[in-house]
Every structure is written in C-alpha cells, then in structure tokens.
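A look at the structure
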Amino acid sequence: MTFTLYPAIDMRGGKCVRLLQGDYKKETIYGDSPFDMAKSFVDQGAKWIHMVDLDGAKDGKRVNDQFVIDAAKKLGAQVQIGGGIRQEGDIVHYLENGVTRVIIGSIAVSNPDFAMEMIRKYGKGIAIGIDAKKGFVATHGWLSTSEVKAVELGKRFADAGAETFIFTDIATDGMLSGPNVDAIEEMAMITKKEVIASGGVSSIGDLNRLKEIHAKGVGGAIIGKALYERRFTLKEALEQMN
C-alpha cells in the first residue's frame, strides 16, 4: 500500500470552494470549473482526485454529479466522491459512470444497516467517511453532532467489512493548523483498515508526519486549502512523498 495524496475539490453551485470548518457561511471560491481544477491536479501527477458535493451533502441528493463523472471518464485518474449519497441509486450512478469509490457519510450514522448492505454489495467501491467533532461523529454537512463516538463507528464498520475510511477532524479542517495525528492514528489502530487522513494539512511536513504512521494503516492524505492557498504545489508534494 503506497501513501496516496488526494487533492480535494469541494463543489458548491458548480464552483470550486472551501468552507472553514464545514461552515456554509464561511466560503471561499477558488475556481469556476471543478473539471478544470481536477485536470490541473492530474497534470501535476495526481493518481486520485477527492471530490465533495457540498450542495448534495446539504440537500441530501446529488447536485454536482456531472462534474464528477466528467473527471472520472476523461482525466485518467481515479475519483472518489462524497456528499449527497443517500440511496443505492446514487452509488450505482457513480460506480457505473467511472467513479472508483463512493463515500458514505451521514447515512452510516442514520441508517447503519443500509451502509452495511452497501459494503457487502459493492466492497472496495465504498468508503466510510467519518467526520469527528471532539471525538463524536458529525453528520449532514457537519450541521449536527451525534452521540456516536467516531472510533466506535469505525470499529463497527470495519467488522462489517469496510476496507477504507476517510477520517476528518472538523476542528482542523480548513484551518491550516496541522492534522490531528493522534486521532487519525487511533482510528487506524482500532479499525485495522486503511484510513485516509483529512483536514488540517498545511505543509509538506504535515504530510511527512502522516506518512510516518503509514505502516499503522494511514494510507494517504486529502489536501485542500493548502493547495488553494499555494502553501505548496501538488507536484512538489508528490515529489517529496515518492
């Protein structure tokens, strides 16, 4: 298992945006075309693109899916998508149109039986997205916090056959303050599955810290704001990681 970098494209209203700690009122627009942004990352060497349909996460249905499918079909990189996936038809829609991995988030909390059935049916095509706020799972575009502990949810789905988890510590997301390495490591150790770190990466040094726990199951990192704020380029990061 190599340590994979996942440049992030968050989509809202057809544009590339970033939210501060998931707050829809704290939005910065970074580009008018999610496809062009994805192409720029692939041109720099990206093997994977991480895409999030923020409208979908809020509305509970697919909104920006065409950008995702265009990227998956035309760019030659693998794509994973989260946001607005609430039913099996959403999963099928993406997987049948070239997307490699679909991320189930909020519904893993609200309807775990459904999520487990999807894991059984689609295997590695499903990732479980766990967003944590002070150790507890946040849902519905981070608008609410559940009473479920993040590591307990991870263990439950690992036991059910999930192979990949995307773990976000909301406190660090968009803050460029460094990832919560201890929480990421704990999730990997408890699930004994691949955990992709999300939130807080501000430097190549942060990526090196995460790569140091690669052997414990941390398979990669999602990078968002640091790229958009030009802290470093994806090309520079890939050169350092390889």
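Residues numbered from 1 in each chain as written. Predicted model: local features only at pLDDT ≥ 70, side-chain atom pairs only at ≥ 80, totals over all residues. Heavy atoms only, no water.

1. With respect to the overall build of the protein chain
Scanning the protein chain from N- to C-terminus turns up 11 helices and 12 strands. Taking 18 Å as the expected radius of gyration for a compact globule of 242 residues, we find that the protein chain reaches 16 Å, a close match to that expectation. If you line up the protein chain on its principal axes, its C-alpha atoms span 40 × 35 × 35 Å. Considering the protein chain as a whole, with its 242 residues, one finds that 57% of them fall into the buried category. Residue pairs at least 24 apart in sequence account for 68% of intrachain contacts in the protein chain once pairs closer than 6 positions are excluded. With 31 positive and 32 negative side-chain charges, the protein chain shows a separation of 1 Å between the mean positions of the two kinds. (Helix = DSSP H or I, 4+ residues; strand = E, 2+ residues; numbered from the N terminus. Rg over C-alpha atoms; globule rule 2.2 N^0.38 Å. Buried < 20%, exposed > 50% of the residue type's maximum accessible area, 1.4 Å probe, protein only. Contact = heavy atoms within 4.5 Å. Lys, Arg positive; Asp, Glu negative; His and termini not counted. Charge placed at Lys NZ, Arg CZ, Asp CG, Glu CD.)

2. Observations regarding the packing of helix 7 (residues 150-159) against helix 8 (residues 181-191)
Where helix 7 meets helix 8, the axes come as close as 9 Å, and the angle between the chain directions of the two elements is 30 degrees. Helix 7 and helix 8 meet at a crossing whose hand is right-handed. Where helix 7 approaches helix 8, its residues Ala-150, Val-151, Gly-154, Lys-155 and Ala-158 are matched on the opposing element by Glu-186, Met-187, Ile-190 and Thr-191. Grouping the amino acids of the contact of helix 7 with helix 8 by side-chain chemistry returns five nonpolar, two polar and two charged. (Axes fitted to C-alpha atoms, helices over the stretch in contact; angles between N-to-C directions. Left-handed = near helix turned anticlockwise from the far one by under 90°. Nonpolar A, V, L, I, M, F, W, Y, C, P; charged D, E, K, R; others polar.)

3. Digging into the pattern of salt bridges
Overall, the coordinates contain 13 salt bridges when judged by the stated rule. Among the salt bridges present, the one from Arg-18 reaches Asp-10, with a minimum N-O distance of 3.0 Å. When its relative accessible area of 9% is taken as the criterion, Arg-18 is described as buried. Between Lys-235 and Glu-239 there is a salt bridge, and its shortest N-O distance comes to 3.0 Å. Of this pair, Lys-235 and Glu-239 are both found in helix 11 (residues 234-241), four residues apart, which corresponds to roughly one turn of the helix. For Lys-235, a relative accessible area of 45% puts it in the partly exposed group. Through salt bridges with shared partners, a single ionic network connects Arg-62, Asp-65 and Asp-90. (Salt bridge = Lys/Arg side-chain N within 4 Å of Asp/Glu carboxyl O.)

The analysis is restricted to geometry; functional conclusions fall outside its scope.
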